[in-house]
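Residues per chain are reported as follows:
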Amino acid sequence: MPDSQPQPHSSGSSGSGSSGDDAPDSTALLLCGARLTDGRTVDVRLGSGRIEAVGTAGSLTAHAARVDLGGYLLLPAAAEPHAHSDTALSADAEGPVSYDLPDVQRRATEAALLQLGHGATALRSHVRIGDVQGLTPMEAVLQARRSLRGLVDLTAVAVPRLLTGVAGADGLAMLRDAVKMGASVVGGCPDLDPDPTGYVEAVLEVAAEHGCPVDLHTDGSDPARLGRLAAMAGGLRPGVTIGPCGGLGRLPSDVAARTADQLAAAGVTVVCLPQGGCGSVDRRGAVAPVRLLRAAGVRVAAGSGAMRDVSNPVGRGDPLEAAYLLASRCGLRPEDAYGAVSGAARSAMGLPEVRVEAGFPAELLAVRGDHLSGALSLAYSRIVVHRGRVVARTSAVREYCDSAAAVALDLPRQGRAKKAGPGRPKGDEPS
């Protein structure tokens, strides 16, 4: 029997008597033999962008395409709450980095697809506006968003440099223009403005005008400044996010704890960057005090930050790597570490919750492995589902030469035909 029953739809639901009940659903997909984190092996039926039913392996039938997930762990998909699409993949550029619209759009699109392949089906990108580039990077990222529709959800954060004083007047006008263009989040870096408090006030004012969430860069090394931010942000809807807050971890523990309590009381989310810094707040090696923040009740998500730009020339943009670092460096349980790049990240971005249960959005990631801890350390093969369809696959094959050790351990090696599973060519052993 299914563990969770199909959810009724507005049209064509079971028992409606419609003549189309037995017709194949072109959006339907059956994921077969997937392992869940609680140890169950299940089939999962998807339709119309949602999970319709979850049942024990072999219990579900459907007029649908089938994907064999034997040997895979099925998880809610990851989300990327802190990307920099306008500067991504620019570290190896010869000469000055181009901010012409086609070049930024190409980089933003390629970076989004790379992160989608890693398992992130939703991305929030911080885009700098102003200076000599004006609004061109924002226009380019918004064009990339339109071209990626149906593959990955990309939202843009407008990041002006200055917002106070005479110099900030242009930045404030450009911030409002960026929101009118389609930026759905208001952001920036108050640490770089001569008047950080005035900067935050300006951002909150624009956000309130347009009903936008706020996402600010800050190192978090000034507890008084963070306290003022929390006081101003308290109760703002649809919410305030800050990050990466690496400086908070350099404060005395009692000061950091009081600051964490203020952030928790104000409902402020912190996005940390375990893989490195980013262009606006470049403090590589410093990570927010994740366990202290969580103990205070602060929602903590994790992002990737810079992706192969001058701030981090080797940034990978892999949410599973971020989760691995939270587990290995910050001491989180694998479940909590993965939650920071999935559930907490989606919540920080204002996205609906995802569970592998009937009725939830079909935003899923299948990784080769039996347990979450192993998946975080060796998750090379991945299958990504967005809005109920497979949108990316990554397959890794590991083989060993014909040695005595390989023979004794029955390890896969070149030229050796192995029993092929469904949908798998002989001789390949994904890892």
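Above: the structure in question.
Note that the structure is predicted; figures quoted are calculated from it, not measured.

Here we look at the sheet that holds strand β7 (residues 78–83)
Here comes step 1: Pairing in this open sheet of 8 strands is parallel, and the strands run β7-β8-β9-β10-β11-β12-β13-β14 from one edge to the other. Unpaired on one side and paired on the other, β7 and β14 (300–302) mark the two borders of the sheet. Here the average twist between neighbouring strands, direction ignored, is 25°.
Here comes step 2: Inspection of the sheet shows strand β10 (residues 185–188) paired to strand β11 (residues 214–218) by 3 bridges, in the parallel sense. If you follow Gly-187 over to β11, its bridge partner there is Asp-215.

Digging into the pattern of salt bridges
Here comes step 1: Counted under the stated rule, the structure contains 19 salt bridges.
Here comes step 2: A salt bridge links Glu-357 to Arg-355; its shortest N-O distance comes to 3.8 Å.
Here comes step 3: The structure contains a network of salt bridges with shared partners spanning Arg-294, Arg-333, Glu-335 and Asp-336.

Topic: the environment of Pro-81
Here comes step 1: Summarising the element assignment, Pro-81 is placed in strand β7.
Here comes step 2: Residues Pro-81 and Ala-120, spaced 39 residues apart in sequence, show a C-alpha to C-alpha distance of 9.6 Å.
Here comes step 3: Not counting the four nearest positions on each side in its chain, Pro-81 is found in contact with Arg-124, His-126, Asp-215, Val-271, Ala-301, Ala-302, Gly-303, Ala-345 and Met-349.

As for the pairing of strand β9 (residues 153–160)
Side-chain positions along a regular strand alternate between the two faces of the sheet.
Here comes step 1: Of all 8 residues in β9, 6 are buried, a share of seventy percent or more.
Here comes step 2: When strand β8 (residues 120–129) meets β9, the two strands line up parallel, connected through 8 bridges. The residue bridging Val-127 from the neighbouring strand is Ala-158, located in β9.
Here comes step 3: Taken together, β8, helix α2 (residues 136–147) and β9 constitute a β-α-β crossover, and its handedness is right-handed.

Some words on the state of the cysteines
Here comes step 1: Tallied over the full model, the rule gives 0 disulfides.
Here comes step 2: Free cysteine Cys-245: the closest other cysteine sulfur is in Cys-272, separated by 9.3 Å.

Thoughts on the side chain of Asn-312
Here comes step 1: Mapping Asn-312 onto the fold places it in the loop between β14 and α8 (319–330).
Here comes step 2: Relative accessible area serves as the criterion here: at 7%, Asn-312 is assigned to the buried category.
Here comes step 3: When residues no more than four places from it in sequence are discounted, the contact partners of Asn-312 are Gln-275, Gly-276, Ala-306 and Met-307.

Let's talk about the nonpolar core
Here comes step 1: Grouped together as the largest cluster of nonpolar side chains are 82 residues, with contacts concentrated most on Met-138, Val-240, Ile-242, Leu-293, Leu-326 and Tyr-338.
Here comes step 2: Per-element accounting of this core gives the leading share, 7 residues, to helix α4 (residues 196–210).
Here comes step 3: Those residues in contact with Ile-242 that sit more than four places away from it in its chain are Leu-216, Thr-218, Leu-226, Leu-229, Leu-263, Val-268, Thr-269, Val-270 and Val-271.
Here comes step 4: Ranked by size, the runner-up nonpolar core spans 20 residues in total, among them Leu-29, Leu-31, Ala-34 and Val-385.

Things to note about the packing of helix α3 (residues 165–181) against α4
Here comes step 1: Axis separation between α3 and α4 bottoms out at 11 Å; the angle between their running directions is 30°. Classified by the angle between their axes, α3 and α4 sit roughly parallel to one another. You can see that α3 and α4 cross each other, and the crossing is right-handed. Of α4, the residues touching α3 (which contributes Leu-172, Leu-175, Arg-176 and Val-179) are Ala-202, Glu-205, Val-206, Glu-209 and His-210.
Here comes step 2: The class makeup of the residues in the contact of α3 with α4 is 5 nonpolar, 1 polar and 3 charged.

Quick notes on the rules
- Residues numbered from 1 in each chain as written.
- Predicted model: local features only at pLDDT ≥ 70, side-chain atom pairs only at ≥ 80, totals over all residues.
- Heavy atoms only, no water.
- Pairing = 2+ DSSP bridges.
- Helix = DSSP H or I, 4+ residues; strand = E, 2+ residues; numbered from the N terminus.
- Axes fitted to C-alpha atoms, helices over the stretch in contact; angles between N-to-C directions.
- Salt bridge = Lys/Arg side-chain N within 4 Å of Asp/Glu carboxyl O.
- Contact = heavy atoms within 4.5 Å.
- Buried < 20%, exposed > 50% of the residue type's maximum accessible area, 1.4 Å probe, protein only.
- Right-handed = clockwise from strand over helix to strand, strands pointing away.
- Disulfide = S-S within 2.5 Å.
- Core = buried A, V, L, I, M, F, W, Y, C linked by side-chain atoms within 4.5 Å.
- Parallel < 35°, antiparallel > 145°, perpendicular 65-115°, else oblique.
- Left-handed = near helix turned anticlockwise from the far one by under 90°.
- Nonpolar A, V, L, I, M, F, W, Y, C, P; charged D, E, K, R; others polar.

Read these as layout, nothing more, since geometry by itself doesn't imply function.
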